[in-house]
Amino acid sequence: MADIVINHRVGSTRGAGGLYNRYDGLSVPWDERAVTSDTGGHGNPSTGEAFSGVSNIDHTQEFVRNDLKKWLKWIRDDIGFDDFRFDFAKGYKPEFVKGYIKAAEPDFTVGEYWDTCSYVGSGTELDYNQDHHRQRIINWIDRTGGLAAAFDFTTKAILQEAVKRREWWRLRDSEGRPPGVMGMWPSRAVTFVENHDTGSTQAHWPFPSDLVMQGYAYTLTHPGIPIIFYDHFFDWGNAIQDGILKLMAVRKKQGLHSRSAIEILKANNAFYAAVIGGSVCVKIGDGFWKPDGINWELATWGDKYAVWQKVQP
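Residues numbered from 1 in each chain as written. Predicted model: local features only at pLDDT ≥ 70, side-chain atom pairs only at ≥ 80, totals over all residues. Heavy atoms only, no water.

Caption draft 1: Spatial organisation of the sheet that holds strand 10 (residues 271-276). With antiparallel pairing, five strands are arranged side by side in an open sheet as 9-10-11-13-12. Every interior strand has two partners, whereas the edge strands, strand 9 (262-267) and strand 12 (296-302), have only one. Neighbour-to-neighbour, the strand axes of the sheet open up by a mean angle of 15 degrees, direction not taken into account. Looking at chain direction, strand 12 and strand 13 (residues 305-310) are connected through six bridges and run antiparallel. Pairing of Glu297 across the sheet is with Gln309, part of strand 13. Where helix 5 (residues 212-219) meets the sheet, its contacts fall on strand 10, strand 11 (280-285) and strand 13, and the angle it forms with strand 11 comes to roughly 150 degrees. Contacting strand 11, strand 12 and strand 13, helix 7 (residues 238-253) crosses the sheet at an angle of about 150 degrees to strand 12. (Pairing = 2+ DSSP bridges. Helix = DSSP H or I, 4+ residues; strand = E, 2+ residues; numbered from the N terminus. Axes fitted to C-alpha atoms, helices over the stretch in contact; angles between N-to-C directions. Contact = heavy atoms within 4.5 Å.)

Here it is, written out as structure tokens:
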């Protein structure tokens, strides 16, 4: 997967205003017209949220779009990257992403549409209702023509708050669905516990470090397209890696996928429980619970989580 950073790019030489807004000597030798007017260039205003402190690329310029399409096709066809990740996707219109995908035809595309959640009280407590946050991500996906998936930041926000505060009721929205993008467009929801911005050395928005396995017990058993954070798998020790591998094995063995059906059985102050795909049950939290019936076997468990799978006749 190639990380496509085409919202903001530092230029190679200084141009208007003494800023690095020219790209002389590069494969795309753009001048100040390729930079938005609100970030020091001679182009049009940004079509999304400006990324401060650096030149933002003006995607309204036809020559910019044509050059980027050629470059993306080169990345795809000559270099061999099958998949794209569009960085800071809220910096420019999603319709441009749609055009780039159609031109380069990657196998899979995901956009980083990281938006601000809704908070209550003093501004530090996450609001239960994140429907508007979820809808903004869904709108972005829709405007790409459904060609791109998006990182499910709504699920990330709610899941880590539920785990940290033991407020498992957060994991069911007002209509009984998972409260993230996963609950409305699961085939386009890339779920995650942590990434290089939220955790690792940057730690802008970290998941509680001692509770990450509860996070994976959720994402790896649920609909959506779950991903594993490199640091967790390779750098956090054998116990974490082994726990993740066991959850992955259950998902694979039981054939869970991005569109698997889910029924949330409990979501209260004591625990969260759900059945996924009719063949996997998960419980997260302090309270005691196990699935009804004799056709379930305990597949894997850890600190405050357990996963059962259906016994095959």
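Back to the text.
Caption draft 2: Region of interest: unusual backbone geometry. Within the chain, Phe88 stands out as a residue other than glycine whose phi angle is a positive 40 degrees. Looking at the secondary structure, you find Phe88 in the loop between strand 2 (83-86) and helix 2 (94-104). Given a relative accessible area of 13%, Phe88 falls into the buried group. Phi is positive for Glu105, which is not a glycine, with a value near 55 degrees. Of note, Glu105 is situated in the loop between helix 2 and strand 3 (108-111). (Buried < 20%, exposed > 50% of the residue type's maximum accessible area, 1.4 Å probe, protein only.)

Caption draft 3: The arrangement of the sheet that holds strand 1 (residues 2-4) in detail. Pairing in this open sheet of six strands is parallel, and the strands run 1-2-3-6-7-8 from one edge to the other. The open sheet terminates on both sides in strands that have one partner only, identified here as strand 1 and strand 8 (225-226). Judged from the two bridges that link them, strand 6 (residues 149-151) and strand 7 (residues 189-191) form a sheet pairing that is parallel. Considered in strand 7, the bridge of Ala150 is made with Ala189. Sheet strands touched by helix 3 (residues 131-143): strand 3 and strand 6. Its angle to strand 6, the strand with the most contacts, is close to 150 degrees.

Caption draft 4: Local environment of the pattern of salt bridges. Counted under the stated rule, the structure contains 28 salt bridges. Notably, a salt bridge pairs Arg136 with Asp115, separated by 2.3 Å at the nearest N-O pair. With a gap of 21 residues between them, Arg136 in helix 3 and Asp115 in the loop between strand 3 and strand 4 (119-120) connect regions that are remote in the sequence. On the basis of relative accessibility, which here comes to 31%, the residue Arg136 falls in the partly exposed class. Note on Asp115: relative accessible area 13%, which makes it buried. A salt bridge links Asp286 to Arg166, with the shortest nitrogen-to-oxygen separation between them at 3.6 Å. With Asp286 in the loop between strand 11 and strand 12 and Arg166 in the loop between helix 4 (153-165) and strand 7, this pair connects stretches of sequence that are 120 residues apart. (Salt bridge = Lys/Arg side-chain N within 4 Å of Asp/Glu carboxyl O.)

Caption draft 5: Molecular detail of helix 1 (residues 62-79). The terminal C-alpha atoms of helix 1, which comprises 18 residues, lie 24 Å apart, in line with the 26 Å expected from a rise of 1.5 Å per residue. Among the residues of helix 1, Val64, Leu68, Leu72, Ile75 and Arg76 are the ones counted as buried. Each buried residue of helix 1 sits inside an arc of 95 degrees when the element is viewed along its axis, so together they form one side. Turned more than 90 degrees away from the buried face of helix 1 sit Glu62, Lys70 and Asp78, all of them exposed. Tucked into the core, helix 1 has its buried residues touching strand 1, strand 2 and helix 2. (Expected span 1.5 Å × (residues − 1). Arc of directions from axis to C-beta.)

Caption draft 6: A look at the nonpolar core. One finds Phe84, Phe86, Trp140, Leu171, Tyr216, Tyr272 and Ile284 to be the most contacted residues of the largest nonpolar core, which totals 73 residues. For this core, the element with the most residues is helix 4, which contributes six residues. Among all residues touching Trp140, those that are not within four sequence positions of it are Ala89, Pro94, Val97, Gly111, Tyr113, Ala148, Ala149 and Ala150. By size, the runner-up hydrophobic cluster in this structure holds eight residues, among which are Phe271, Val275, Cys281 and Ala306. (Core = buried A, V, L, I, M, F, W, Y, C linked by side-chain atoms within 4.5 Å.)

Caption draft 7: Region of the structure containing the side chain of Thr221. Following the sequence through the fold, Thr221 ends up in the loop between helix 5 and strand 8. Looking at Thr221, its side chain comes within polar contact range of the main-chain oxygen of Ala217, at 2.7 Å. Setting aside its immediate chain neighbours within four residues, Thr221 contacts Tyr216, Leu247, Arg251, Leu256, Ile276, Val280, Val282 and Val307. (Polar contact = N/O pair within 3.5 Å; in protein donor to acceptor, adjacent residues only side chain to side chain.)

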